[in-house]
Amino acid sequence: MRHASRIRTIALAAIMLPVVSFAQSDSNSAPNPYRLDDGWAKHAMGRNFGSTIGIHPDRDGKSVWVFDRCGGNTCEGSNINPINKYDASGTLVASFGAKMFNFPHGLFVDREGNLWVTDGRGSPPKGETAGKGQTVVKLSPEGKVLMTLGTPGVAGNDDKHFNAPSDVAIAANGDIFVADGHGDMTNARIVKFSKDGKFIKAWGKAGKGQSEFDTPHSLAIDSAGRLFVADRSNNRIQIFDQDGKFLAEWRQFGRPSGIYIDKNDVLYVADSQSDEKINPGFKQGIRVGNAMDGKLIAYIPENKDLGSLEGTAADDAGNVYAGYTGAMNFRRFVKK
């Protein structure tokens, strides 16, 4: 049965996704069936939300985990917990991770409820932050470290090092995918490991062609096992099978900072940078579409009062979550 399932997944992943024809204006004019549920989440006493990118629902589909930068734009020198869980009412029900990370970025919750996070910056070889960062860390729901990938505090471009890892996603069979790189002087690749952390392969380099990247900022996997990469500074999503074979690129979702695919293959894409100079013709916000055919379904426009919107996710009820870096905030949108 397991072998048959693997054959089916590989066959589906090998299907070339359609090339979607669209007008740029369509990406800004799709209907918005959502409203801001202002004040939904009650953050921990004595702190505000920091720059927030890592958002993922818990395996119960109702509560949501958030990975923010300790109430600011870094966790260096902070005693604040960057990992927090909110139940369906927005009440804080779990909090941990103080002094463990430098620069929180990506977050993924696997089928067992374990958390995978990326720490996107290393630390100098001295001081209180030494030996942290440039890692992917697996934690239990209680905050116990179960696995660490990468060499803490040390950047590199081989099977034991990362340089600015932005996100992590876990396949159905437990294989681990890491988006490794965050712009100039960092990496520009996808790295694959087995479920027990053994290096399998890496692909990609800096560039604008197929299988090349400029800030691979976020990852998501659809029901067919296809890997979606938010190739942010190239203004596109690139789609691969799990062996790294290029399948398609989509540009109708703007300049993607954050991507999330739910159980029904609804694709959510946060655009935090598009304007008339950067990716002209597109506006910022969250675009919602079909991960199977790339068609747009909805568009949640940018809220200028909240600032750059980089992280997004959705729960089983269809509520959409947004993480903001510029204004350092976390918000929820619900159906009107």
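**Some words on the overall build of the protein**
So, point 1. Each helix and strand counted, the protein has two helices and 24 strands in total.
So, point 2. Along the three orthogonal principal directions, the C-alpha set of the protein runs to about 50 × 45 × 45 Å.
So, point 3. When burial is assessed residue by residue, the protein has 58% of its 336 residues classed as buried.
So, point 4. Of the side chains in the protein, 41 bear a positive and 38 a negative charge, and the two mean positions are spaced by 2 Å.

**Re the sheet that holds strand S2 (residues 52–57)**
So, point 1. Across the sheet, which stays open at both edges, the four strands sit in the order S2-S3-S4-S5 with antiparallel pairing between neighbours. Looking at which strands have only one partner, the edges of the open sheet turn out to be S2 and strand S5 (92–96). Geometrically, the sheet is characterised by an average inter-axis angle of 20° between neighbouring strands, direction not taken into account.
So, point 2. Of the pairings in the sheet, the one linking S2 to strand S3 (residues 64–68) comprises five bridges and is antiparallel in character. Along S3, the bridge assignment pairs Thr-52 with Asp-68.

**Section: the sheet that holds strand S22 (residues 309–314)**
So, point 1. Within the open sheet, the four strands sit side by side as S1-S24-S23-S22. Their pairing is antiparallel. Of all the strands in the sheet, the pair left with one neighbour each is strand S1 (34–36) and S22. Averaged over all adjacent pairs, the angle separating strand axes in this sheet is 25°, with direction ignored.

**Observations regarding the packing of aromatic side chains**
So, point 1. Under the criterion given, the structure shown has 18 aromatic pairs.
So, point 2. Aromatic pair Phe-162 and Phe-193: ring centres 6.0 Å apart, planes at 75°, arrangement edge-to-face. One end of the pair, Phe-162, is in the loop between strand S9 (145–149) and strand S10 (165–170); the other, Phe-193, is in strand S12 (residues 189–193), with 31 residues separating them in the sequence.
So, point 3. Among the aromatic residues, ring-to-ring pairing joins Trp-40, Phe-49, Tyr-86, Tyr-321 and Phe-330 into one connected group.
So, point 4. Directly above the aromatic system of Phe-103 lies the positively charged group of Arg-69, at a separation of 3.7 Å from the ring centroid.
So, point 5. Directly above the ring of Phe-103 sits Arg-121, whose terminal nitrogen or CZ lies 3.7 Å from the centroid.

**Some remarks on the environment of Met-100**
So, point 1. Note that Met-100 resides in the loop between S5 and strand S6 (104–109).
So, point 2. Met-100 gets classed as partly exposed once you look at its relative accessible area, which sits at 29%.
So, point 3. Between the C-alpha atoms of Met-100 and Gly-133, which are 33 residues apart in sequence, the distance is 8.6 Å.
So, point 4. Leaving out residues up to four positions away in the same chain, Met-100 has contacts with Asp-119, Lys-132, Leu-139 and Val-145.

**Details of the state of the cysteines**
So, point 1. If you walk through the whole model with that rule in mind, you get one disulfide.
So, point 2. With its sulfur 2.0 Å from that of its partner, Cys-70 forms a disulfide with Cys-75. Its S-S torsion of about 100° marks the bond between Cys-70 and Cys-75 as right-handed, since a negative value means left-handed. Cys-75 carries the same exposure label as Cys-70, and that label is buried.

**Overview of the pairing of S10**
So, point 1. Of all six residues in S10, six are buried, a share of seventy percent or more.
So, point 2. Sheet topology places S10 next to strand S11 (residues 176–180); five bridges connect them, and they run antiparallel. In the strand pairing of S11, Asp-167 is matched with Ala-179.
So, point 3. Taken together, S10 and the strand that follows it, S11, pair antiparallel across an intervening segment of five residues, in which Gly-174 is found at a positive phi of about 95°.

**Structural notes on the side chain of Ser-78**
So, point 1. Examined against the element boundaries, Ser-78 turns out to sit in the loop between S3 and strand S4 (83–86).
So, point 2. A distance of 3.0 Å separates the side chain of Ser-78 from the backbone nitrogen of Ile-80, its partner in a polar contact.
So, point 3. Those residues in contact with Ser-78 that lie beyond four places of it in its chain are Cys-70 and Lys-99.

**Description of the environment of Val-320**
So, point 1. Assignment of secondary structure puts Val-320 in strand S23 (residues 320–324).
So, point 2. Through-space distance from the C-alpha of Val-320 to that of Tyr-268 is 8.4 Å; in sequence the pair is 52 residues apart.

**Comments concerning the environment of Gln-252**
So, point 1. Checked against the element boundaries, Gln-252 lands in the loop between strand S17 (246–250) and strand S18 (256–261).
So, point 2. Note on Gln-252: relative accessible area 2%, which makes it buried.
So, point 3. Along the chain, Gln-252 and Lys-335 lie 83 residues apart, while their C-alpha atoms are 23 Å from each other.
So, point 4. Of note is the side chain of Gln-252, whose polar atom sits 2.8 Å from the backbone oxygen of Gly-294.

**As for the side chain of Asp-271**
So, point 1. Relative to the elements of secondary structure, Asp-271 occurs in strand S19 (residues 266–271).
So, point 2. A polar contact is formed between the side chain of Asp-271 and the backbone nitrogen of Arg-255, at a distance of 3.0 Å.

**Structural notes on unusual backbone geometry**
So, point 1. Unusually for a residue other than glycine, Ser-211 sits at a positive phi of about 65°.
So, point 2. As for its position among the elements, Ser-211 is in the loop between strand S13 (199–203) and strand S14 (216–221).

Cut-offs applied
The residue count restarts for each chain, going from 1 along the sequence in the order it is written. Totals for whole chains, interfaces and linings use every residue, but because this is a predicted model, local features are given only for residues with pLDDT of at least 70 and side-chain atom pairs only at 80 or more, for both listing and counting. As a rule here, side-chain values cover all heavy atoms of the structure and leave hydrogens and water aside. Only DSSP runs of H or I reaching four residues or more are called helices, and only runs of E reaching two or more are called strands; each is numbered from the N terminus. Any residue under 20% of the maximum accessible area for its type is buried, any over 50% is exposed, and the rest in between are partly exposed; the area is computed with a 1.4 Å probe on protein chains only. Only four residue types enter the tally: Lys and Arg on the positive side, Asp and Glu on the negative side; His and the chain ends are excluded. To locate a charge, take atom NZ for lysine, CZ for arginine, CG for aspartate or CD for glutamate. Think of it this way: DSSP has to see at least two bridges between two strands before they count as a pair. Every angle, taken between N-to-C directions, lies between 0 and 180 degrees, and every axis is a line fitted to C-alpha atoms, over only the stretch in contact when it is a helix. Each aromatic pair joins two rings of Phe, Tyr and Trp (for Trp, the six-membered one) with centres within 6.5 Å, and gets the label stacked for planes under 30 degrees apart, edge-to-face for over 60, and tilted for any other angle. By definition, being over a ring means that NZ of Lys or CZ of Arg is both within 6 Å of the ring centre and within 35 degrees of the ring normal. Pairs of residues are marked as contacts when any of their non-hydrogen atoms sit within 4.5 Å. Working definition: a disulfide is two cysteine sulfur atoms within 2.5 Å of each other. Two N or O atoms count as a polar contact when they lie within 3.5 Å, although within protein this holds only if one can serve as hydrogen donor and the other as acceptor, and sequence-adjacent residues are included solely when both atoms are side-chain atoms.

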